[in-house]
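The lines below spell out each chain.
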Amino acid sequence: MIDKSVASLVEVLSQIKDGARIMIGGFGTAGQPAELIDGLIELGVKDLVVINNNAGNGDYGLAKLIQSGAVAKIICSFPRQSDSYVFDEFYRAGKIELELVPQGNLACRIQAAGMGLGPIYTPTGYGTLLAEGKPTLHYEGKDFVLENPIKADFALIKAHQGDRWGNLIYRKSARNFGPIMAMAAEVTIAQVSQLVALGELDPEHIVTPGIFVQHVVAV
C-alpha cells in the first residue's frame, strides 16, 4: 500500500543534512511552508543553499531560517523589500552569499530541471552583468544568453489538500512555485492543511501528481 503521509515533522526532515540544496516554495509569505521551515531550524542544519523567490519577510519563515545562521547561500529574484531586514543585515555583514536570478529565468530554469532538459536560452539578462561569462546566441533577430537548469536535493512546499499518494491541490496564489519545485527536486516534502482520503480530491483539480511527492505531512 502506498502511503506517503508522515505524522512527525522531525522524522521527515531528519534526512536533510548540512550543505543540502533546498527549494522552498512561496511568493513572499503566500504558500510558504512555515512549519517545515521551523522544523528545519529545530534540526540545526547548516550551510544550506536555498532557492526561493525572495529572501524572507520580517522574522518569519525563510527570514527566520536565515536568522538562525543555517543558510550559506540564497538563489532568488527579490532579495530586498521593505521588511527584508534580516537578509539585509546578513548580506551586509558577509554572512550569506546571493545569486540573483530574474524571476522568469528562475521559473524557467526550475522547470527545465523538472522536465529533464539541459541549459536553456533566454533573452532576459542578455547584455548585463548577469550574462558575463555565459554563452550567447543570436536567433531570429534577438539575442539570448544560456542558463543552466536549477535543481535541488529537497523541495519544501505547501499545499491546501493532499492524499496519502502525494497528490496535491493548492489554494489560489499559494500555488506559485510549489508545482515546479516539486518536479525539480530529488525529494519533495509537502505540508498540507488537510490530509484527505483517497478519492476525495477531484482528479481535474490536482495540480501536483503524487509521482513528484515523496512525503506529505498535515500541519
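Up top is the structure.
Below is a summary of the structure that appears in this document. Please read these numbers as outputs of a predicted model, since none were measured by experiment.

**Re a nonpolar patch on the surface**
Taken together, I2, W165 and L198 make up a surface patch of nonpolar side chains, about 280 Å² in accessible area. For W165, the position within the fold is in the loop between strand 8 (152–162) and strand 9 (168–169). Its relative accessible area of 41% is what places W165 among the partly exposed residues.

**Things to note about the pattern of salt bridges**
All chains considered together, the criterion is met by six salt bridges. The salt bridge involving K64 is made with D38; its shortest N-O contact spans 3.5 Å. With K64 in helix 3 (residues 62–67) and D38 in helix 2 (residues 34–43), this pair connects stretches of sequence that are 26 residues apart. K64 gets classed as partly exposed once you look at its relative accessible area, which sits at 36%. Shared partners join several salt bridges into a network, and the residues in it are K73, E97 and E99.

**Here we look at the sheet that holds strand 7 (residues 142–147)**
Pairing in this open sheet of three strands is antiparallel, and the strands run 5-7-6 from one edge to the other. Only two strands of the sheet have a single partner each, and these edge strands are strand 5 (120–122) and strand 6 (136–139). Going from strand to strand, the sheet's axes swing by 35° on average, the running direction of each strand aside. In this structure, strand 5 lies alongside strand 7, joined through three bridges in antiparallel fashion. Across the sheet, residue T122 finds its bridge partner in strand 7, namely V145. Strands strand 5 and strand 7 of the sheet are contacted by helix 5 (residues 103–114), whose axis makes an angle of about 165° with strand 5.

**Quick look at the packing of aromatic side chains**
Scanning the entire structure with this criterion turns up two aromatic pairs. With centroids separated by 5.5 Å and ring planes inclined at 20°, the aromatic side chains of F87 and Y91 adopt a geometry described as stacked. Taken together, the positions of F87 and Y91, both in helix 4 (residues 85–92) and four residues apart, correspond to about one turn of that helix. For the cation-ring pair, K95 lies above F90, with the distance from its terminal atom to the ring centre recorded as 5.3 Å.

**Digging into the side chain of K73**
Note that K73 resides in strand 3 (residues 71–76). The class for K73 is buried, based on a relative accessible area of 19%. A polar side-chain atom of K73 sits 3.1 Å from a polar atom in the side chain of E99.

Criteria and cut-off values
- Residues numbered from 1 in each chain as written.
- Predicted model: local features only at pLDDT ≥ 70, side-chain atom pairs only at ≥ 80, totals over all residues.
- Heavy atoms only, no water.
- Patch = residues over 30% accessible without salt bridge, like charges linked within 9 Å, V, L, I, M, F, W, Y side chains within 5 Å.
- Areas by Shrake-Rupley, 256 points an atom, 1.4 Å probe, with all protein chains shown as cover.
- Salt bridge = Lys/Arg side-chain N within 4 Å of Asp/Glu carboxyl O.
- Helix = DSSP H or I, 4+ residues; strand = E, 2+ residues; numbered from the N terminus.
- Buried < 20%, exposed > 50% of the residue type's maximum accessible area, 1.4 Å probe, protein only.
- Pairing = 2+ DSSP bridges.
- Axes fitted to C-alpha atoms, helices over the stretch in contact; angles between N-to-C directions.
- Contact = heavy atoms within 4.5 Å.
- Phe/Tyr/Trp six-rings, centres within 6.5 Å; stacked < 30°, edge-to-face > 60°.
- Lys NZ or Arg CZ within 6 Å of the ring centre and 35° of its normal.
- Polar contact = N/O pair within 3.5 Å; in protein donor to acceptor, adjacent residues only side chain to side chain.

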